[in-house]
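Inside the fold
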Amino acid sequence: MKLKIAALAFFSATLFTACSDKFLELDDKQNLTENTFWSTRQHALQGITATYGALQAYDGSKWTWFESVYTTLNYKGDDIDNNKNEPYGKNLAAFVNSADDNGAWSLWATAYTGIGRANQVIAKVPGIAVMAETERTQIVGEAKFLRAYNYFLLVNGFENVPLVLTFEKDITKLQVPQSPKEAIWAQIEKDLTEAEAILPETYPAEYKGRATKGAAKAMLGKMFLFQEKWAQAEAKFREIYGKYALNDNFADNFNGTKENGPESIFEIQWSGDRTVSDERHPFNFEVRPGALDGWELMYPSDWLVQTLKNDKTDTGGYSDRVYGTIFFDDPNSYMWDLGTPASRIPYADVKGTMVRQVYFNKYAYPNDRSGAYVGYNISIIRYADVLLMLAEAANENNKTAEATGFVNEVRTRAKAKLISGLGKDQLREHIRQVERPTELAMEWGIRWFDLMRWARGNTAKLNVKGTLQAHGKPSAANYVEDKHIRYPIPLKEISVNPLLKQNHLY
Amino acid sequence: MAELSFGAAPSQQVYVGAIATALANINIKWEQTATMNAGVSFSFLKGAISGNVDYFRSRTSDMLAETPIPSSSGITSMPLTNIADMENKGWELSTTYRNPAEKGFSWDVTLNLSHSRNKIIRLGYDEGMISDGYVDYSNRASTITRKGEALASFYLFKSNGIFRSQADVDAHVNKEGDKLQPNAAPGDLRFEDTNGDGQLNDDDKVIMGNGLPKLDYGLTFNARYKNFDLMVFLNGKQGQKMYNGAKMFLYRFYRSADLVNAWTPSNPGSEVYRLSDEDKNENLRVSDYFLEDASFLRLRNLQLGYTLPSALTKKAYINRLRIYAGAYNLLTFTKYTGFDPDLSNTGIFSRGVDRGYYPMSRSFVAGINVGF
């Protein structure tokens, strides 16, 4: 009897100690989780697609993309005069924004979302054994390119930002301090150099638009230019010189017909598709006049119009890029309406019915579906920009004649009269205040960052306030030196991350 | 030449992406509340007066809420965490008087009163603070939640009237004589440098109470006379504040009727600040200019009914037939200028912030109760 009880007790004891809590852990079968994701080629492609997707906005919304990110990047420039009745970007444009401005936070969040996703790809894709080694490395290269691009936005916009290179999953460890900007620039260079080595020259037709070797080189060149490393910038741009071609028609860069085409180096991809998710954007409505069914969120500034009107052909008429950038009182100026098929409306038809005299024509093209939002890509870097950057670098390296040649390539395409006989300082001024604004007016992330780099640099250091005032920027008097050269660190971020220090004077 | 295919170039394949967009919280657990309640039930005058008085103190540990995290993490969605410990304490009184029936007439009245306060004992894992109560898309947070303060306390600039003239603007200086509001013009709001550091900035925001009322009360009156019955229910909140974000929104988009009376050089005495395109002085910043007293008394339910004599109805095999008519939310007495002083909050951290939500409606009802 006693033995039996003892035996039973012994078995029971072992049964209890042998049990563990493992069976209490259940996998989430409803959602994809870390345990199940990152195991197939499909997952790797989905991951990198999502990282490209963050280029649109942190939440993938076309409204956030325009109203919060585009306005933050572009409204402070002297080429745009924002519609003061609309709230988006209004405080930023008038240099009266406080630290809790939503636009600044949206730019921060969008860049870091891209970085966070890139970090996931970089960490997880190499572990997908079923994929070919080359494809794994290529995808990691694309992620590094995107990470570098997003840090480029952050370091130019905010200057003092945290350097996040791993995707942290522990909620208690998310507070990170800012890094010195040299560290950010160094990381950008490292990522781009590694990407440059791995990325392919081109992609098959169905993947056109993904980051290429040329895109990495262009970004590297731009990065060197922004740091005034003129020799390295010139050398890098020369590596892609001749590898791309300018579209014959200036307007084809903005109307979707030559998306991912010969002049395109890197673009934010959109399509008109609505079957999977809404892949359209409202940019055409934002710039069009009310008389032609638009919302008039922004106008070309008077200075820009004046500068454009100096861009003449050999015979004294206006160049293609004038007609392709603005809609103004001229017998050859027209805008497409929103019908199907769309018709060209000459300025004379709507003269006098519009609130302002001049509107942007760039990106104002309609869809092939009547009245709907559009799906044409937005250029981040295009070949004309590279030529002008190459010209700028070459000029600083005392190759003024050759630099003039590069500028003239861009001018030839638009049928603008060629320039000649400019000295080094004159060419620099011309590129800064005439050529770049004329060719690249209101394009994504160009003008304001240009002004900032010339102000931060030591070569012919730009007086931003003076320039803005000379160009008639409204509220330029509110610009404060050493304050508005950066966006404020978003107050929302500082509230949850006490390690962050606010930027000077905010 | 006539049509070009803009927009969607041919064969644009849409690729679907997938990636982690939210963080999991492996440490999540249920909230727990420990309550201490002490009370007295009383009854006087043979039950004519009866009631309860209670004092309570409860402590919620590991309160679950969506927690903001730094977006430098790459994640903008907010994970649920056990973010806070909170203490609530207060008292409640409920008392009823029944008038004994005489000549077929009887009535009773019940009064409820309550008062409570809360305080955050612990917040987050790093003693941070949570801003919420955004009144301008995601801009302009009006509340703050942090340790030692009530949940969703209003955290606002202190306004102090309107600059009536340029001399007023020039006179508003700090100790060194520098203008505190150099961008202001006559007609703009004056804000106080509350911490005295000589600069007007976010550090001058002050905690100004919260959306919890000082007193929450209700009064129910029932009367019966022969076959008639009357029910009146009033409720109200006293000492309640609300941030009128809807008014701020209307001012910002120039749609408020108040703006007809805005400050102008020919209308210098107005309490409405001047209209301006660029709002250089940031009159729209979160301040007590938009913080209002939202105390109210509302006649929530009024109902008069008549029960048909049972002798009549029994013939139709109906036990009881009562017809009634009444109204809900018939009258509201309040000084609050927004839609509804009794709005429910949008979230834990934004209680008391009115973003122009749909108010409660007044309704009139009539009906029949039938009992078989």
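Heads up: the structure comes first, above all this text.
It should be emphasised that the depicted structure is a prediction, and the values quoted were computed from it without experimental measurement.

1. Notes on the pairing of strand E16 (residues 320–334) of chain B
Residues and elements named next belong to chain B. As paired strands, strand E15 (residues 296–307) and E16 are joined by eleven bridges and run antiparallel to one another. What sits directly across from Leu302, in E16, is Ala327. With nine bridges joining them, E16 and strand E18 (residues 363–371) adopt antiparallel strand pairing. Residue pairing in the sheet places Ala327 in a bridge with Phe364 of E18.

2. Quick notes on the packing of helix H8 (residues 213–226) of chain A against helix H14 (residues 383–396) of chain A
All names here are of chain A. Packing of H8 against H14 leaves a shortest axis separation of 11 Å and a crossing angle of 40°. Overall, the two elements H8 and H14 adopt an arrangement that is oblique. Taken as a pair, H8 and H14 cross one another with a handedness that is left-handed. Listed contacts from H14 to Ala218, Lys222 and Leu225 of H8 are Asp385, Val386, Met389, Glu392 and Ala393. For the contact of H8 with H14, the class distribution of residues is five nonpolar, no polar and three charged.

3. Observations concerning helix H15 (residues 400–413) of chain A
All names here are of chain A. Taking 1.5 Å per residue, 14 residues should reach 20 Å; H15 reaches 20 Å between its end C-alpha atoms and fits that length. For H15, every residue scored as buried is listed here: Thr400, Ala403, Thr404, Phe406, Val407, Asn408, Val410, Arg411 and Arg413. Tucked into the core, H15 has its buried residues touching helix H9 (230–240), helix H12 (320–325), strand E8 (378–382), H14 and helix H16 (424–440). Looking at the residues trailing H15, positive phi occurs at Lys415, about 65°.

4. Quick look at the sheet that holds strand E13 (residues 241–244) of chain B
All names here are of chain B. Strand order across the open sheet formed by three strands is E14-E13-E17, with mixed pairing between neighbours. At either end of the open sheet lies a strand with only one pairing partner, and these are strand E14 (291–293) and strand E17 (353–354). Of the pairings in the sheet, the one linking E13 to E14 comprises three bridges and is antiparallel in character. Along E14, the bridge assignment pairs Tyr243 with Leu291. Running at roughly 20° to E13, helix H2 (residues 245–252) makes contact with E13, E14 and E17 of the sheet.

5. Re the sheet that holds strand E1 (residues 32–44) of chain B
Residues and elements named next belong to chain B. The sheet built from nine strands is open, its strands ordered E1-E2-E3-E4-E11-E12-E15-E16-E18 with antiparallel pairing. The sheet is open, and its two borders are formed by E1 and E18, each paired with just one other strand. Across this sheet, the average inter-strand angle for adjacent strands is 15°, counted without regard to direction. Taken together, the 13 bridges between E1 and strand E2 (residues 49–66) define a ladder with antiparallel strand orientation. Within E2, the residue paired with Thr35 across the bridge is Ser58.

6. Let's talk about the interface of chain B and chain A
Contact residues are listed per partner, giving 50 residues for chain B and 71 residues for chain A. With both chains or domains summed, chain B and chain A bury close to 5,000 Å², and 58% of this area falls on carbon and sulfur atoms. Along the contact surface separating chain B from chain A lie zero salt bridges. For the interface between chain B and chain A, the tally reads six residue pairs in polar contact (both at pLDDT 80 or more). For the side of chain B that touches chain A, the element with the most residues is strand E6 (residues 139–145) of chain B, which contributes three residues. Tallied by class, residues from the side of chain B that touches chain A come to 25 nonpolar, 16 polar and nine charged.

7. What about the pattern of salt bridges?
It is possible for side chains of opposite charge to pair when their charged atoms get near one another. The full count for this structure, using the stated rule, is 55 salt bridges over all chains. One salt bridge connects A:Arg356 with A:Asp81, and the closest N-O pair in it is separated by 2.8 Å. Of the two residues, A:Arg356 is situated in the loop between helix H13 (347–350) and strand E7 (359–360) and A:Asp81 in strand E1 (residues 80–82); the sequence distance between them amounts to 275 residues. With its nearest N and O atoms 3.9 Å apart, the salt bridge here joins B:Lys247 to B:Glu292. Of this pair, B:Lys247 sits in helix H2 while B:Glu292 sits in strand E14, placing them 45 residues apart in sequence. Look at B:Lys247 and you get buried, because its relative accessible area is 17%. A network of salt bridges, in which partner residues are shared, links A:Glu263, A:Asp311, A:Arg321, A:Lys362, A:Arg382, A:Arg411, A:Arg413, A:Glu435, A:Glu439 and A:Glu443.

Conventions adopted
- Residues numbered from 1 in each chain as written.
- Chains lettered and ligands numbered in written order.
- Predicted model: local features only at pLDDT ≥ 70, side-chain atom pairs only at ≥ 80, totals over all residues.
- Heavy atoms only, no water.
- Pairing = 2+ DSSP bridges.
- Helix = DSSP H or I, 4+ residues; strand = E, 2+ residues; numbered from the N terminus.
- Axes fitted to C-alpha atoms, helices over the stretch in contact; angles between N-to-C directions.
- Parallel < 35°, antiparallel > 145°, perpendicular 65-115°, else oblique.
- Left-handed = near helix turned anticlockwise from the far one by under 90°.
- Contact = heavy atoms within 4.5 Å.
- Nonpolar A, V, L, I, M, F, W, Y, C, P; charged D, E, K, R; others polar.
- Expected span 1.5 Å × (residues − 1).
- Buried < 20%, exposed > 50% of the residue type's maximum accessible area, 1.4 Å probe, protein only.
- Buried area = accessible area lost by both parts, 1.4 Å probe.
- Salt bridge = Lys/Arg side-chain N within 4 Å of Asp/Glu carboxyl O.
- Polar contact = N/O pair within 3.5 Å; in protein donor to acceptor, adjacent residues only side chain to side chain.

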